[in-house]
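Residue-level structure breakdown
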Amino acid sequence: LNLNVMKFNLKLSALLLIISFVGITSCRKDDDEEMSNSYIGSWTQSKPNDLGTVRSDLTLTEKTFNLAQYQSPFMTKFLEASGNLTVVGNEMNLDITKIGTLESLTSFKYYEKGTDEYDNLISMSPFGAGCEGTFSVENNKLTVKLDTNIDGIINELDEEFVFDRK
């Protein structure tokens, strides 16, 4: 395995984990059912980076989540995380149970919770298996605000992520 490819994957893994470790609180709405289910669906986001564009595809169900990231120019999947989703009232917590990384240009490998490889990937995130934030859904957009540097302040430039409903 090429060391540079592994370093690149690990840096991108940390970014994905920051985005995917969402302990989320919902905005107020009159209808509790609508509020609690507004996050459910498939979402996508594209952002430029030094190598081109990263597309993040996020799927949320009542009890599970999956986040996959793809890098241009060929939109090669380089990272994926999935797991259990728990919603209690207005709060949501994610438990990542599986992480997949691009091992080489032709090989993608998944690591299950409880394995050393999974633990090593999780340890690279400043949050371990979670962080807290807020979300809102409006006009088919899911806005997630996370305190990714754990300073108690949400910076809109670095800690707000907007996904479009697919």
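Residues numbered from 1 in each chain as written. Predicted model: local features only at pLDDT ≥ 70, side-chain atom pairs only at ≥ 80, totals over all residues. Heavy atoms only, no water.

**Looking at the overall build of the chain**
When helices and strands are tallied, the chain shows four helices and 10 strands. Reading the chain from its N end, one meets helices and strands in the order α-β-α-β-β-β-β-β-β-α-β-β-α-β. Look at the contacts in the chain between residues 6 or more apart in sequence, and 42% of them connect residues 24 or more apart. Summed over its atoms, the accessible surface of the chain is roughly 9,200 Å², and 51% of this surface lies on carbon and sulfur atoms. (Helix = DSSP H or I, 4+ residues; strand = E, 2+ residues; numbered from the N terminus. Contact = heavy atoms within 4.5 Å. Areas by Shrake-Rupley, 256 points an atom, 1.4 Å probe, with all protein chains shown as cover.)

**Focus: the pattern of salt bridges**
Taken as a whole, this structure holds five salt bridges when the rule is applied. When the shortest N-O distance is used, the salt bridge between aspartate 95 and lysine 113 registers 2.5 Å. In this pair, aspartate 95 is assigned in strand 6 (residues 91–104) and lysine 113 in the loop between strand 7 (107–112) and helix 3 (116–123), connecting sequence segments 18 residues apart. Exposure remark for aspartate 95: the relative accessible area of 26% places this residue in the partly exposed category. Judged by its relative accessible area of 44%, lysine 113 falls in the partly exposed class. For lysine 141, the salt bridge identified is with aspartate 164, shortest N-O distance 2.4 Å. (Salt bridge = Lys/Arg side-chain N within 4 Å of Asp/Glu carboxyl O. Buried < 20%, exposed > 50% of the residue type's maximum accessible area, 1.4 Å probe, protein only.)

**Re the packing of aromatic side chains**
Per the stated rule, a full pass over the model turns up one aromatic pair. Ring geometry for phenylalanine 108 and tyrosine 110: centres 5.2 Å apart, planes at 65°, overall edge-to-face. Among the residues examined, phenylalanine 108 registers a relative accessible area of 24% and is labelled partly exposed. The aromatic ring of phenylalanine 108 is capped on one face by lysine 77, whose charged end is 4.8 Å from the ring centroid. Directly above the ring of tyrosine 110 sits lysine 98, whose terminal nitrogen or CZ lies 4.8 Å from the centroid. (Phe/Tyr/Trp six-rings, centres within 6.5 Å; stacked < 30°, edge-to-face > 60°. Lys NZ or Arg CZ within 6 Å of the ring centre and 35° of its normal.)

**Structural notes on the confidence of the model for the chain**
Low pLDDT means the predicted coordinates in that region are not meant to be read closely. Overall, the predicted model of the chain reaches an average pLDDT of 75, with 67% of residues at or above 70. By mean pLDDT, strand 1 (residues 23–26) is the weakest element of the chain at 36, and strand 2 (residues 41–49) is the strongest at 94. Of the regions scoring below 50 in pLDDT, residues 1–34 engages in 85 contacts with residues more than four places distant in sequence or in other chains. (pLDDT = per-residue confidence, 0-100.)

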